[in-house]
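Each chain, letter by letter, is given below.
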Amino acid sequence: MVDRYGRHVSYLRLSITDRCDFRCGYCMAEEMTFLPRAQVLTLEECLRIASVFVDLGVSKVRVTGGEPLVRQNAIWLLEQLARLPGLNELVITTNGSQLDRFAPALRAAGVRRINLSLDTLRADRFREITRVGDLAKVLRGLDAAQAAGFQRLKINTVMMRGVNEDELIDLVEFVLDRGLDIAFIEEMPLGDTGHARQASYFSSEEALARLQTRFVLVPSAESTGGPARYWRIPGSSTRVGFISPHSHNFCDTCNRVRITARGELYPCLGNNQSIQLLPLLRAHPTDDVHLRAAIVDGMGIKARGHDFSSQMAAPQVLRFMSMTGG
């Protein structure tokens, strides 16, 4: 698939639930109203959508949420996705809360890589950021994922001034000790979460400068198919990445689209334009011709780019990150 600006779309981020067992402040409001079951894609509908995307040339699927592992029978879906002819990479993003239960099953299902969201190594701060989370349980999940034999595990850390920017060096030390990768992410202004993002914004340049006071960081041309720009620490296998939607807009090389848990196709995370796929799925339960045509049409509304910097005080994208898919 090619959009109107000549970018090849090869990467689908598929949200299978808007629900999560955490309440991270940058992702959702403290009191959330979740979708009723009838408005959420069934797992079979998720599989239909992914199958059409793969048939159209997508080679990588990332399953997201909410927290995908709170979705009942998520492992069944992952097993089915892994069998799709033409799919080269099946990955998942998780908050780690369920990994101690599901890590071996994820590997057996065919998941190749796991991204684990972890913004702090301090238990009290972890509870404050997530509002309800237990750091010890997440770390047990990380242990379970490493024990299950996943060769490439990556920590995703959202950087927030006045919240966790003082832990960046500690987090890199943590992944170095464990042989993991890490990606530091600039906070994105999605949804009204009750705080102004310009107050908590911490840039990739600031993070890099801080890390360079402790580590030698060598630029790398490596890519995992997403937006992160990587650096290497000599003598280690660890990659340190930066995802910079504000300071280094990566839209010119964007290769991905998103499907929300209610079947909306968002070609651009930072835009409000979408195509509703759920009505097509249910109006044509045995025929994917209309679904395929809608997906192809969706490439025509993929924006040239987004401008998060102008939205820091007042987000223009009002849906929460948990609704779009992390």
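Residues numbered from 1 in each chain as written. Predicted model: local features only at pLDDT ≥ 70, side-chain atom pairs only at ≥ 80, totals over all residues. Heavy atoms only, no water.

**Q** What's the story with the pattern of salt bridges in this structure? I'm lost.
**A** One side chain can pair with another of opposite charge once the charged atoms of both are near each other. Taken as a whole and judged by the stated rule, the model has 17 salt bridges. With a closest N to O distance of 2.5 Å, Arg 48 and Asp 288 form a salt bridge. Of this pair, Arg 48 sits in helix α1 (residues 43–55) while Asp 288 sits in the loop between α9 (278–283) and α10 (289–298), and the two are 240 residues apart along the sequence. Residue Asp 288 is classed as partly exposed on the basis of its relative accessible area of 28%. Salt bridges sharing common partners tie together Arg 152, Asp 181, Glu 222, Arg 232 and Arg 239. (Salt bridge = Lys/Arg side-chain N within 4 Å of Asp/Glu carboxyl O. Helix = DSSP H or I, 4+ residues; strand = E, 2+ residues; numbered from the N terminus. Buried < 20%, exposed > 50% of the residue type's maximum accessible area, 1.4 Å probe, protein only.)

**Q** Hey, could you run me through the sheet that holds strand β6 (residues 181–186) in this one?
**A** Strand pairing in a sheet is mediated by backbone hydrogen bonds. Such pairs are either parallel or antiparallel. The sheet built from 12 strands is open, its strands ordered β7-β8-β9-β6-β5-β4-β3-β2-β1-β10-β11-β12 with mixed pairing. Each edge of the open sheet carries a strand with a single partner, namely β7 (218–219) and β12 (275–276). Alignment of strand β5 (residues 153–159) against β6, held across six bridges, turns out to be parallel. What sits directly across from Thr 157, in β6, is Phe 184. In the packing of helix α2 (residues 74–82) onto the sheet, contacts are made with β2 (60–64) and β3 (89–94), and the angle to β3 comes to roughly 155 degrees. Lying over the sheet, helix α6 (residues 168–178) contacts β5, β6 and β9 (239–243), oriented at roughly 155 degrees with respect to β6. (Pairing = 2+ DSSP bridges. Contact = heavy atoms within 4.5 Å. Axes fitted to C-alpha atoms, helices over the stretch in contact; angles between N-to-C directions.)

**Q** Would you mind going over the packing of aromatic side chains with me for this structure?
**A** How two aromatic rings sit relative to each other is given by the distance of their centres and the angle of their planes. The final tally for this structure, using the stated rule, is two aromatic pairs. For the pair Phe 22 and Phe 126, a centre-to-centre distance of 5.6 Å together with 85 degrees between the ring planes defines the contact as edge-to-face. With Phe 22 in the loop between β1 (11–15) and α1 and Phe 126 in helix α4 (residues 123–130), this residue pair connects regions lying 104 residues apart in the sequence. Directly above the ring of Tyr 11 sits Lys 60, whose terminal nitrogen or CZ lies 4.3 Å from the centroid. (Phe/Tyr/Trp six-rings, centres within 6.5 Å; stacked < 30°, edge-to-face > 60°. Lys NZ or Arg CZ within 6 Å of the ring centre and 35° of its normal.)

**Q** In this structure, what is going on with α1? I would like to understand it.
**A** Counting along an α-helix, one turn takes 3.6 residues, and residues three or four places apart therefore face a common direction. Over its 13 residues, α1 extends 18 Å from the first C-alpha to the last, a length consistent with the 18 Å expected when each residue adds 1.5 Å. By the burial criterion, the buried members of α1 are Leu 43, Glu 45, Cys 46, Leu 47, Arg 48, Ile 49, Ala 50, Val 52, Phe 53 and Val 54. At the C-terminal side of α1, Gly 57 shows a positive phi close to 120 degrees. (Expected span 1.5 Å × (residues − 1).)

**Q** I'm lost on the layout of surface pockets in this one. Help?
**A** Any space left empty among the atoms is revealed by the rolling of a water-sized probe across them. Looking at the largest pocket, its volume works out to about 300 Å³. What lines the largest pocket is a set of 13 residues, among which Thr 17, Arg 19, Arg 37, Val 40 and Arg 71 lie closest to the centre. Of the residues assigned to the lining of the largest pocket, the class counts are five nonpolar, four polar and four charged. (1 Å grid on protein atoms, 1.4 Å probe; cavity = no way out; pocket = protein on both sides within 12 Å on 5 of 7 lines; lining within 4 Å. Points joined across faces, edges and corners; volume = space filled by probe spheres on them. Nonpolar A, V, L, I, M, F, W, Y, C, P; charged D, E, K, R; others polar.)

**Q** Looking at this structure, how should I read the environment of Trp 76?
**A** Topologically, Trp 76 is positioned in helix α2. Residues Trp 76 and Glu 44 lie 32 residues apart in sequence; the distance between their C-alpha atoms is 9.8 Å. Contacts of Trp 76, omitting those with residues within four sequence positions, involve Leu 43, Glu 44 and Leu 47.

**Q** Is there a simple way to explain the environment of Ser 97 in this structure?
**A** With respect to the helices and strands, Ser 97 occurs in the loop between β3 and α3 (99–109). Taking relative accessible area as the criterion, Ser 97 reaches 3% and is therefore assigned buried. Sequence separation between Ser 97 and Val 70 is 27 residues, and the spatial gap between their C-alpha atoms is 9.1 Å. Contacts of Ser 97, omitting those with residues within four sequence positions, involve Asp 21, Phe 22, Glu 67, Lys 137 and Val 138. Side-chain polar atoms of Ser 97 contact the side chain of Asp 21, separated by 2.6 Å. (Polar contact = N/O pair within 3.5 Å; in protein donor to acceptor, adjacent residues only side chain to side chain.)

**Q** Would you mind going over the side chain of Glu 67 with me for this structure?
**A** In this fold, Glu 67 is placed in the loop between β2 and α2. Buried charged residue Glu 67 carries no salt bridge. Nearest counter-charge: Arg 101, at 9.2 Å. Side-chain polar atoms of Glu 67 contact the backbone nitrogen of Leu 69, separated by 3.0 Å. Excluding residues that lie within four positions of it along the chain, Glu 67 makes contacts with Thr 17, Arg 19, Cys 20, Asp 21, Thr 94, Asn 95, Gly 96 and Ser 97. (Lys, Arg positive; Asp, Glu negative; His and termini not counted.)

**Q** What should I look at first to understand the packing of α1 against α10 in this one?
**A** Remark: α1 packs on α10, axes separated minimally by 10 Å, with the N-to-C direction vectors making an angle of 60 degrees. When the axes of α1 and α10 are compared, the pair comes out oblique. Read as a crossing pair, α1 and α10 show a hand that is right-handed. Facing Arg 48, Ile 49, Val 52, Phe 53 and Asp 55 of α1, the residues of α10 in contact are Leu 291, Arg 292 and Ile 295. Classifying every residue of the contact of α1 with α10 by side-chain character gives five nonpolar, no polar and three charged. (Parallel < 35°, antiparallel > 145°, perpendicular 65-115°, else oblique. Left-handed = near helix turned anticlockwise from the far one by under 90°.)

**Q** Would you mind showing me how to read the side chain of Glu 264 here?
**A** For Glu 264, the location among the structural elements is in strand β11 (residues 264–266). Here Arg 262 takes part through its side chain, which lies 3.0 Å from a polar atom of the side chain of Glu 264. Among all residues touching Glu 264, those that are not within four sequence positions of it are Arg 258, Ile 259, Ser 274, Ile 275 and Gln 276.

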